[in-house]
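One-letter residues, chain by chain:
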Amino acid sequence: PAQFCPSPPGATKQDVREKVWSYLEASGLAAFPRPVHGRIPNFEGSQQACCSVKGLDVFNRAREVKVDPDKPLEGVRLAALQARKTLLVPTPRLRTGLFNRIVPPSGASKEILRICATSQGIKEYSVPVGLDGKARVDLVVVGSVAVSEKGWRIGKGEGYADMEYAMMVSMGAVQEDTPVITIVHDCQVVDIEEELLGDHDLTVDYILTPTRTLKTNCKRPKPQGIIWNKASYLCNYEMLEKIPILKNLRYREKQAGKDVTLQDEHSDLAEPKPAAASNQKAMAENTRPQAATGSPQRRQERDFLNPRAEGSGRVTTVYVGNIPPSVRVSQLKGALREFHATPSRLSWQGAQGRAFLDYEDRATAESAVSSLQGLSLGGKTLRVELAKNQRN
């Protein structure tokens, strides 16, 4: 097998990753899925390492456990399910929300539980948990590409584990003393220069390998929420567009009076998308007081009507439900502007806890649905989807 050597001083995070990935492949330690480059690598002995979690008090005491969806962590997910703990798994790349809660069928056999712990089972036996899901996570389990005995961790380079932890802090799901575990092969435990770490980097308290259990006693503080103004790939306009729930979290923190200015605020966010800008102008033009004719509900619809869209016959309607009685139409309008999802017409039915948003075409409507996923107003997560009955 290839000889694994520590990375030299001055090595970058990517240097460390490449060295670990290459060694796992060259030494025959890499396991499915292959190649391990670009991934949280699976390795020979991962099941054995995962089984060690059953010997930790922090695992046995935990009632709610968050485990990343990576293949080498499958054994921890299974152990949590077998111990009847609440298992939360982040949604892939956070595209559709923050967590999925794995819910095995009643009386599930050992084999069904084994399936529930796999990536396929996560899809089939889960329900989404949003920012208002009241999660109280007692233990966090993350994958790593490399980790030091001091608890300094390097992931695969996309920042999702760091992002997930910061979001859990912001939603109150974890506390300062919530333990973090990582599962790696022994060769992934390496020296890491402290200057490689940023404020957003997650550290770990326990390292489980096929041969040993390490308690790091790490003193470096964990992230205390999203650091919006950092010049980082974690907090920029592009990431907000990719991750609707991140955009929603930023909106909530902005409403709470926090500074959520992005590093690229003035270059990207200062100029709304052209389509959104024209729709915002249309909304402004059509919210002027008009003659009070017809029923109050019909008046409300006319107030937000875009004359160019009327009669086009091609609008696509988005349904917004689960709106709390305390929420006003102005709050919804503000959120729509913030998320660049301003419709050409808004039909407000607050008494019924719903609203209908008309968009000029299906693509714009689907983009709005994606942007508004996980949106919370008045303490409730709204239900946002294409309306079943479209209106001309």
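The notes below deal with the structure included here. Just so we're clear, the structure is a prediction, and the values are computed from it rather than from any experiment.

## Digging into the packing of helix 7 (residues 160–170) against helix 9 (residues 244–255)
So, point 1. Two numbers describe how helix 7 lies on helix 9: the axes approach to 12 Å, and their chain directions differ by 35°. Every pair of crossing elements has a handedness; the one defined by helix 7 and helix 9 is left-handed. Counting all contacts with helix 7, which are made through Met163, Met167 and Ser170, the residues of helix 9 involved are Ile245, Leu246, Leu249 and Glu253.
So, point 2. In terms of residue class, the contact of helix 7 with helix 9 is built from 5 nonpolar, 1 polar and 1 charged.

## Details of the sheet that holds strand 11 (residues 316–321)
So, point 1. Ordered by their spatial adjacency, 4 strands build an open sheet running 12-13-11-16, and the pairing between neighbours is antiparallel. The open sheet has two edge strands with one neighbour each: strand 12 (345–349) and strand 16 (383–386). This sheet shows a mean twist of 15° between the axes of neighbouring strands, independent of strand direction.
So, point 2. Strand direction decides the pairing type here: strand 12 and strand 13 (residues 354–359), joined by 5 bridges, are antiparallel. Pairing of Trp348 across the sheet is with Ala355, part of strand 13.
So, point 3. Sitting on the sheet, helix 13 (residues 329–338) touches strand 12 and strand 13, and the angle it makes with strand 12 is about 145°.
So, point 4. Strands in contact with helix 14 (residues 362–372) are strand 11, strand 13 and strand 16; relative to strand 16, the strand with the most contacts, it is inclined by about 160°.

## Let's talk about the packing of helix 9 against helix 13
So, point 1. The interhelical angle for the contact between helix 9 and helix 13, taken along N-to-C directions, is 130°, at an axis separation of 11 Å. Taken together, the axis directions place helix 9 and helix 13 in an arrangement best described as oblique. The hand of the helix 9/helix 13 crossing is right-handed. Contacts from Arg250, Tyr251 and Lys254 of helix 9 reach helix 13 at Gln331, Gly334, Ala335 and Glu338.
So, point 2. Considered class by class, the residues forming the contact of helix 9 with helix 13 number 2 nonpolar, 2 polar and 3 charged.

## A word on the nonpolar core
So, point 1. Counting 45 residues, the largest nonpolar core has Leu24, Val53, Leu56, Leu139, Val141, Ile181 and Ile183 as the members making the most contacts within it.
So, point 2. By size, the runner-up hydrophobic cluster in this structure holds 36 residues, among which are Val142, Val189, Leu240 and Val260.

## Thoughts on the packing of aromatic side chains
So, point 1. On inspection of all chains with the given rule, the structure shows 1 aromatic pair.
So, point 2. The ring of Phe59 carries the charged tip of Lys85 above its face, separated from the ring centre by 4.9 Å.

What counts and how
- Residues numbered from 1 in each chain as written.
- Predicted model: local features only at pLDDT ≥ 70, side-chain atom pairs only at ≥ 80, totals over all residues.
- Heavy atoms only, no water.
- Axes fitted to C-alpha atoms, helices over the stretch in contact; angles between N-to-C directions.
- Helix = DSSP H or I, 4+ residues; strand = E, 2+ residues; numbered from the N terminus.
- Left-handed = near helix turned anticlockwise from the far one by under 90°.
- Contact = heavy atoms within 4.5 Å.
- Nonpolar A, V, L, I, M, F, W, Y, C, P; charged D, E, K, R; others polar.
- Pairing = 2+ DSSP bridges.
- Parallel < 35°, antiparallel > 145°, perpendicular 65-115°, else oblique.
- Core = buried A, V, L, I, M, F, W, Y, C linked by side-chain atoms within 4.5 Å.
- Buried < 20%, exposed > 50% of the residue type's maximum accessible area, 1.4 Å probe, protein only.
- Phe/Tyr/Trp six-rings, centres within 6.5 Å; stacked < 30°, edge-to-face > 60°.
- Lys NZ or Arg CZ within 6 Å of the ring centre and 35° of its normal.

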